[in-house]
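Remarks on the overall topology
This is what each chain is made of:
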Amino acid sequence: MAVTDYTIATLGSHSSLQILKGAKDEGFKTLCIAKKGSEKVYKSFGVADEIISVDHFKELFDLQDELVKRNTILIPHGSFIAYMKIEDFKNLKVMYFGNKDVLEWESARDLERKWLTDANIKIPRIFDKPETIDRPVIVKFYGAKGGMGYFLAKDTDDFYEKIADHINEKYVIQEYIIGVPAYFHYFYSLLNNELEIMSFDKRYESNVDSIGRISARDQFALKKIDPSYVVVGNIPITVRESLLPEIFGMGERVIEKSKQLISERGLFGPFCLEGVITPEAEIYIFEISARIVAGTNLFEPYSPYTYIKYGKPMSTGRRIALEIKNAINKGKLLDIVC
Ligand code: ATP
């Protein structure tokens, strides 16, 4: 079958415009599953050949037979994870780009930690008992959307004082790494057995990115300004070129370990390592996202790095479609979908 016999579909949210645009550019039919009320905006961009309206994204499961009939390939992004359980994913009948076995590893903090440390990647220390806090820490709540409610604590007493406002919430206490945040976007092609650096971003977070606009004197005068990390946007960055070998190596090690720890195919497609770079140029990673991240939306039509490699528009969304197109042309589609 030809590329035009397939439909690339995704949920209308997160990075869907980029995914659908990339799919159209590579010659696929496109379908957007949009929440009622948001159809108009998706229609206005002209990247979805078809829009199916739903009240809730979970209705994707009721649409499965329809999607299978259209030879649909679903592209997951952050909203899939936010709205659906891993079990739901596993039962999907529609072709899904990526390896579903990876989902458990990235969503369970202990497995994620094992994966990263086995890949020889530095991660912030975790304090299992508040009594052992011996340096500044960041306290993160499970399922916190966009860093809502996270707080910093300088010692055990400070921790207990601040945690009092969060009774019954699950949290993790992580060493606070002093440095600049950076999110590293990669693409690993299973077909070519090749890792690509796609782009980098940092997040624009309220209020932590605005506290520096208020002098220390005024911060004291205003009494209680706790930093918060609610993501409101993304800012593109390039990194010092001398950091690229380490960043590339981290991506390679994560892929290699995933093949040993998770399953034969391991992690493939787009992924992101999220971390902090210290003044000593050490890179600490506190999270891995095993799919396209919203920070790549900045790089439509391309990033400095994808332009150097491809010399033409190549967003992460388009790279996904290109991989699927190459797989179809080589008769290897089943190798890269679940
Ligand atoms: P997700 O990526 O799942 O949406 P999140 O947005 O809820 O996660 P994180 O990305 O884990 O939260 O972190 C939010 C903010 O806190 C980011 O600015 C990040 O740079 C910062 N941060 C997280 N962990 C650390 C750490 N250990 N040391 C320093 N800064 C950190």
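Residues numbered from 1 in each chain as written. Predicted model: local features only at pLDDT ≥ 70, side-chain atom pairs only at ≥ 80, totals over all residues. Heavy atoms only, no water.

**Side note on the overall build of the protein**
Within the protein, the secondary structure is distributed over twelve helices and 13 strands. The C-alpha atoms of the protein give 21 Å as radius of gyration, which agrees with the globular expectation for 338 residues (20 Å, within 12%). Overall, the protein is about 65 × 45 × 35 Å in size when its C-alpha atoms are taken along their principal axes. Considering only residue pairs separated by 6 or more positions, the protein has 63% of its internal contacts joining residues 24 or more positions apart. With the model as given, the accessible surface of the protein reaches about 16400 Å², and the carbon-plus-sulfur share is 52%. Side chains of the protein give 45 positive and 48 negative charges; the mean places of these two sets differ by 3 Å. (Helix = DSSP H or I, 4+ residues; strand = E, 2+ residues; numbered from the N terminus. Rg over C-alpha atoms; globule rule 2.2 N^0.38 Å. Contact = heavy atoms within 4.5 Å. Areas by Shrake-Rupley, 256 points an atom, 1.4 Å probe, with all protein chains shown as cover. Lys, Arg positive; Asp, Glu negative; His and termini not counted. Charge placed at Lys NZ, Arg CZ, Asp CG, Glu CD.)

**Regarding the side chain of arginine 291**
Along the polypeptide, arginine 291 turns up in the loop between β13 (283-289) and α11 (304-310). You can call arginine 291 buried: its relative accessible area is 9%. In this view, arginine 291 contacts Pro76, His77, Gly78, Ile81, Leu103, Glu106, Pro270, Phe271 and Cys272; residues no more than four positions away in its chain are not counted. (Buried < 20%, exposed > 50% of the residue type's maximum accessible area, 1.4 Å probe, protein only.)

**Concerning the nonpolar core**
Ranked by internal contacts, the top residues of the largest apolar core, which has 54 residues, are Phe184, Val254, Leu273 and Ile324. Lining this core are residues from two domains, each supplying at least three of them: domain 1 (1-96) and domain 2 (101-124 + 177-206 + 232-311 + 329-338). Discounting chain neighbours no more than four positions away, the residues touching phenylalanine 184 are Ser199, Phe200, Ile247, Met250, Phe271, Cys272, Leu273, Ile277, Ile283 and Ile285. Within the second largest apolar cluster, 18 residues are counted, among which are Ile52, Val54, Leu63 and Leu67. (Core = buried A, V, L, I, M, F, W, Y, C linked by side-chain atoms within 4.5 Å. Domains from an automatic or database assignment.)

**Some remarks on the environment of lysine 100**
Tracing the sequence through the fold places lysine 100 in the loop between β5 (95-96) and α6 (101-107). Here the alpha-carbon distance between lysine 100 and leucine 267, two residues 167 residues apart in the chain, equals 9.1 Å. A distance of 2.9 Å separates a polar atom in the side chain of lysine 100 from the backbone oxygen of phenylalanine 89. (Polar contact = N/O pair within 3.5 Å; in protein donor to acceptor, adjacent residues only side chain to side chain.)

**As for the sheet that holds strand β3 (residues 50-54)**
Sheet architecture is open: five strands sit in the order β3-β2-β1-β4-β5, paired in parallel fashion. The open sheet terminates on both sides in strands that have one partner only, identified here as β3 and β5. Relative to β3, strand β2 (residues 29-35) runs parallel, the two sharing five bridges. Looking across to β3, one finds that cysteine 32 is bridged to isoleucine 51. The strands touched by helix α1 (residues 16-25) within the sheet are β1 (7-11) and β2, with β1 carrying the most contacts at an inclination of about 175°. (Pairing = 2+ DSSP bridges. Axes fitted to C-alpha atoms, helices over the stretch in contact; angles between N-to-C directions.)

**Digging into the domain arrangement of the protein**
By domain assignment, the protein separates into domain 1 (1-96), domain 2 (101-124 + 177-206 + 232-311 + 329-338) and domain 3 (126-175). Centre-to-centre separation of domain 1 and domain 2, based on C-alpha positions: 23 Å. If you look at the interface, domain 1 gives 18 residues, while domain 2 gives 17 residues. Approximately 1400 Å² of surface area, both sides summed, lies buried where domain 1 meets domain 2, with 61% of it carried by carbon and sulfur atoms. Looking at the side of domain 1 facing domain 2, the largest losses of area belong to Gln18, Ile86 and Tyr96, adding up to 37% of the total buried there. For the pair domain 1 and domain 2, the interface holds one salt bridge. Here domain 1 is connected to domain 2 by five residue pairs in polar contact (both at pLDDT 80 or more). (Buried area = accessible area lost by both parts, 1.4 Å probe. Salt bridge = Lys/Arg side-chain N within 4 Å of Asp/Glu carboxyl O.)

**A word on the sheet that holds strand β8 (residues 171-175)**
With respect to topology, three strands assemble into an open sheet ordered β7-β6-β8, the strand pairing being antiparallel. Among the strands making up the open sheet, the edge pair consists of β7 (151-153) and β8. Averaged over all adjacent pairs, the angle separating strand axes in this sheet is 30°, with direction ignored.

**Some points on the packing of α1 against helix α12 (residues 316-329)**
Where α1 contacts α12, the two axes come as close as 7 Å, and the packing angle between them is 45°. The angle between α1 and α12 places the two elements in the oblique class. Handedness of the crossing formed by α1 with α12: right-handed. Contact residues: α1 offers Gln18, Ile19, Gly22, Ala23 and Asp25, while α12 offers Thr316, Gly317, Arg318 and Ala321. Its residues placed into classes, the contact of α1 with α12 shows three nonpolar, four polar and two charged. (Parallel < 35°, antiparallel > 145°, perpendicular 65-115°, else oblique. Left-handed = near helix turned anticlockwise from the far one by under 90°. Nonpolar A, V, L, I, M, F, W, Y, C, P; charged D, E, K, R; others polar.)

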